[in-house]
Amino acid sequence: MEQLSFFESPGNGADLPADLMVYKPGVFDPEESQALLETFIHQIQWIQETVHMYGKMIKTPRLIAWYGDTSQSYSFSGNKYNPSPWTKELLKIKNQIEPIAGVKFNSVLLNYYRDGNDSVAWHSDDEYELGVKPVIASVSFGQARRFDVRNKQDHKLKYAVTLEHGSLLLMKGDLQRFWQHRIAKSTRPMEARVNLTFRVIV
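Residues numbered from 1 in each chain as written. Predicted model: local features only at pLDDT ≥ 70, side-chain atom pairs only at ≥ 80, totals over all residues. Heavy atoms only, no water.

Enquirer: An account of the overall build of the chain is requested, with residue identities and associated values reported.
Expert: In terms of helices and strands, the chain carries four helices and 14 strands. Against the 2.2 N^0.38 benchmark of 17 Å for 202 residues, the chain shows a C-alpha radius of gyration of 16 Å, consistent with a compact globule. For the chain, the C-alpha atoms occupy an extent of roughly 45 × 45 × 35 Å along the three principal directions. Considering only intrachain contacts with a sequence separation of at least 6, the fraction spanning at least 24 residues in the chain is 76%. By element, 50% of the accessible surface of the chain is carried by carbon and sulfur atoms, the whole surface being about 10300 Å². Distance between charge centroids for the chain: 5 Å, based on 24 positive and 23 negative side chains. (Helix = DSSP H or I, 4+ residues; strand = E, 2+ residues; numbered from the N terminus. Rg over C-alpha atoms; globule rule 2.2 N^0.38 Å. Contact = heavy atoms within 4.5 Å. Areas by Shrake-Rupley, 256 points an atom, 1.4 Å probe, with all protein chains shown as cover. Lys, Arg positive; Asp, Glu negative; His and termini not counted. Charge placed at Lys NZ, Arg CZ, Asp CG, Glu CD.)

Enquirer: Any details on the packing of helix α2 (residues 30-43) against helix α3 (residues 88-101)? Residues and values, ideally.
Expert: As a packed pair, α2 and α3 sit with axes 11 Å apart at the nearest point and diverge in direction by 140°. The angle between α2 and α3 places the two elements in the oblique class. Regarding α2 and α3, the two cross each other, and that crossing is left-handed. Judged by residue contacts, E32, L36, T39 and F40 of α2 engage E89, L90, K92 and I93 from α3. In terms of residue class, the contact of α2 with α3 is made up of four nonpolar, one polar and three charged. (Axes fitted to C-alpha atoms, helices over the stretch in contact; angles between N-to-C directions. Parallel < 35°, antiparallel > 145°, perpendicular 65-115°, else oblique. Left-handed = near helix turned anticlockwise from the far one by under 90°. Nonpolar A, V, L, I, M, F, W, Y, C, P; charged D, E, K, R; others polar.)

Enquirer: A description of unusual backbone geometry should follow, citing residues and the corresponding values.
Expert: Glycine aside, a negative phi is what most residues show, and trans is what most peptide bonds show. Backbone geometry at K133 places phi at a positive 50°, although glycine is not the residue there. The topology assignment puts K133 in the loop between β8 (120-123) and β9 (136-142). On the accessibility criterion, K133 (51% relative accessible area) is exposed. (Buried < 20%, exposed > 50% of the residue type's maximum accessible area, 1.4 Å probe, protein only.)

Enquirer: Pulling in residues and values, what's your account of the pairing of strand β1 (residues 21-24)?
Expert: Of the two faces of β1, only the one carrying M21 and Y23 is buried; V22 and K24 on the other face are not. Alignment of β1 against strand β12 (residues 167-171), held across four bridges, turns out to be antiparallel. Looking at β12, one finds that Y23 is bridged to L169. (Pairing = 2+ DSSP bridges.)

Enquirer: Let's hear about the packing of aromatic side chains: which residues, and what values?
Expert: Inspection of every chain in the model, using the stated rule, returns six aromatic pairs. A centroid spacing of 6.2 Å and a plane angle of 45° characterise the contact between F40 and F141, whose relative ring orientation is tilted. Within this pair, whereas F40 is found in helix α2, its partner F141 is found in strand β9, the two being separated by 101 residues in sequence. With a relative accessible area of 0%, F141 lands in the buried category. (Phe/Tyr/Trp six-rings, centres within 6.5 Å; stacked < 30°, edge-to-face > 60°.)

Shape descriptors only; they carry no functional weight alone.
Shown next, in the form of structure tokens:
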């Protein structure tokens, strides 16, 4: 199948199903992207979560932060968050991507991948708080990392796209309902990457 070869060698984005994902490289120019990367690494209030897995508590292999409208707390993925208020940099990005996404976002989850050992396992962003067919805008700065997608029922149906410095990936439609995604660990040397996933918490 076309998807199988694409999974092994990301295309980059031309073969993604448009009803589920739209990839836009270079939404932010390299100079601006680098400045934002450095700002986020040094100024965001990063935390490392501990989760219960395989009968023991383990630290998640990345750092996270939650920002957004502060009028309410958010229950998300089994945890309760009191978001930090929007920074001027986050608001600038939000205002730039909202016309592209056609959505007004009220929150953003930031992930800091420090090197190739940091990752996120197969999952779907299908929490009740995100509503039906959520639109999620994923903005990437720093090290390009491969984003893998697979069908929940048939793992032979899969796609991949390399999320580049300054790029935007829109996830929409039934993606969260029927598909999973991940950022895998890498054995190759990897530099820092910060990813922002803008969402609407209902």
